[in-house]
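So the chains spell out like this:
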Amino acid sequence: MNRRELLRMIAIATGGVVIGGEFLLSGCKNPDSGPDLVFSPDDLAFLDEVAETILPKTDTPGAKDAHVGGFMITMVNDCYTAKDQQEFHSGLKKIDEACRKMHDTGFMKATPQQRQSLLISLDKEAGAYRTKKNQFDSEQVKREKEEHEKGNTGYKREEMTNHYFSMIKQLTIFGFFTSKEGRQGALRYLPVPGKFTGVIDYQKGDKLFAGLT
């Protein structure tokens with residue numbers, strides 16, 4: 001499985017195109033990004049705990065083992081637009097506020113069960129927002145085309161920012177499965193170089209193969 005295939009899998013799992021995916025693949029900095037956002041050590045710990053709730057440690061490593069929080073910060077600063085960067089950053093506070101509203105406690109003090117129920121709720125919220133955004137974007141593309149046909153070539157369509165939880169969820173999955181811990185602990189891993197085996201028996205329940213390029 002290469003990174004491009006992983007992005008396709010994430011898009012299917014999260015119901016939308018991977019945000020900043022072209023820059024995740026190319027390793028280039030998004031020219032529309034703003035100045036690097038500053039995340040405190042508390043922010044980093046918060047992101048690790050959110051990611052761990054999405055991909056918890058079981059008999060395989062979890063997101064926190066893979067240091068996904070740090071990965072997210074790097075990707076947000078390098079691959080996101082300035083608007084999405086701000087939305088992601090403010091999303092940390094929104095998660096904590098939502099947790100207090102739902103469970104009368106901050107996210108970092110919430111139980112695993114409370115955290116899970118909160119993120120399930122936010123995932124549904126993000127899905128509804130994504131549907132609204134897709135409709136808005138489609139209308140804007142149509143409007144831009146109409147304006148250009150009228151000769152107003154300077155018209156640029158408006159864009160809605162992405163939902164902060166969609167960004168967090170996508171980066172958690174991508175960060176984990178491109179990490180050493182994810183490749184070797186959660187996927188079947190064959191080191192390279194190694195012998196070539198054209199056909200390998202698959203048994204129900206077997207892990208996917210790693211080997212990201």
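Residues numbered from 1 in each chain as written. Predicted model: local features only at pLDDT ≥ 70, side-chain atom pairs only at ≥ 80, totals over all residues. Heavy atoms only, no water.

1. Focus: the overall build of the protein chain
Working step 1: From N to C terminus, the protein chain includes 8 helices and 0 strands.
Working step 2: What you see in the protein chain, going N to C, is helices and strands ordered as α-α-α-α-α-α-α-α.
Working step 3: In the protein chain, the share of contacts with a sequence separation of at least 24, taken over all contacts with a separation of at least 6, comes to 64%. (Helix = DSSP H or I, 4+ residues; strand = E, 2+ residues; numbered from the N terminus. Contact = heavy atoms within 4.5 Å.)

2. Focus: the pattern of salt bridges
Working step 1: Counted by the stated rule, this structure contains 11 salt bridges.
Working step 2: With a closest N to O distance of 3.1 Å, Lys169 and Asp123 form a salt bridge. Linking Lys169 in helix α7 (residues 164-177) with Asp123 in helix α6 (residues 112-149), this pair joins segments that are 46 residues apart in sequence.
Working step 3: Measuring nitrogen to oxygen at the nearest pair gives 3.9 Å for the salt bridge that ties Glu147 to Lys150. (Salt bridge = Lys/Arg side-chain N within 4 Å of Asp/Glu carboxyl O.)

3. Some points on the packing of aromatic side chains
Working step 1: Counted by the stated rule, this structure contains 5 aromatic pairs.
Working step 2: Residue placement shows Arg115 over the ring face of Phe107; its charged tip is 4.8 Å from the ring centre. (Phe/Tyr/Trp six-rings, centres within 6.5 Å; stacked < 30°, edge-to-face > 60°. Lys NZ or Arg CZ within 6 Å of the ring centre and 35° of its normal.)

4. With respect to α7
Working step 1: The end-to-end C-alpha distance of α7, which contains 14 residues, comes to 20 Å, matching closely the 20 Å that a straight helix rising 1.5 Å per residue would cover.
Working step 2: Of all 14 residues that make up α7, 14 are buried, and the element is covered over most of its length. (Expected span 1.5 Å × (residues − 1). Buried < 20%, exposed > 50% of the residue type's maximum accessible area, 1.4 Å probe, protein only.)

5. Here we look at the packing of helix α4 (residues 68-79) against α7
Between two packed helices, the angle of one axis relative to the other and the distance separating the axes together describe the packing.
Working step 1: Following both chains from N to C, one finds α4 and α7 inclined at 115°, their axes separated by 9 Å at the closest point. The interaxial crossing formed by α4 with α7 has right-handed handedness. Here α4 contributes Val68, Phe71, Met72, Met75 and Val76 to the contact with α7, which in turn contributes Ile168, Leu171, Thr172, Phe174, Gly175 and Phe176.
Working step 2: Grouping the amino acids of the contact of α4 with α7 by side-chain chemistry returns 9 nonpolar, 2 polar and no charged. (Axes fitted to C-alpha atoms, helices over the stretch in contact; angles between N-to-C directions. Left-handed = near helix turned anticlockwise from the far one by under 90°. Nonpolar A, V, L, I, M, F, W, Y, C, P; charged D, E, K, R; others polar.)

6. Looking at the confidence of the model for the protein chain
Working step 1: On average, residues of the protein chain score 84 in pLDDT, and 85% of them reach the 70 mark or higher.
Working step 2: Throughout residues 187-200 the model reports pLDDT below 50, and contacts reaching past four residues in sequence, or to other chains, amount to 20 contacts. (pLDDT = per-residue confidence, 0-100.)

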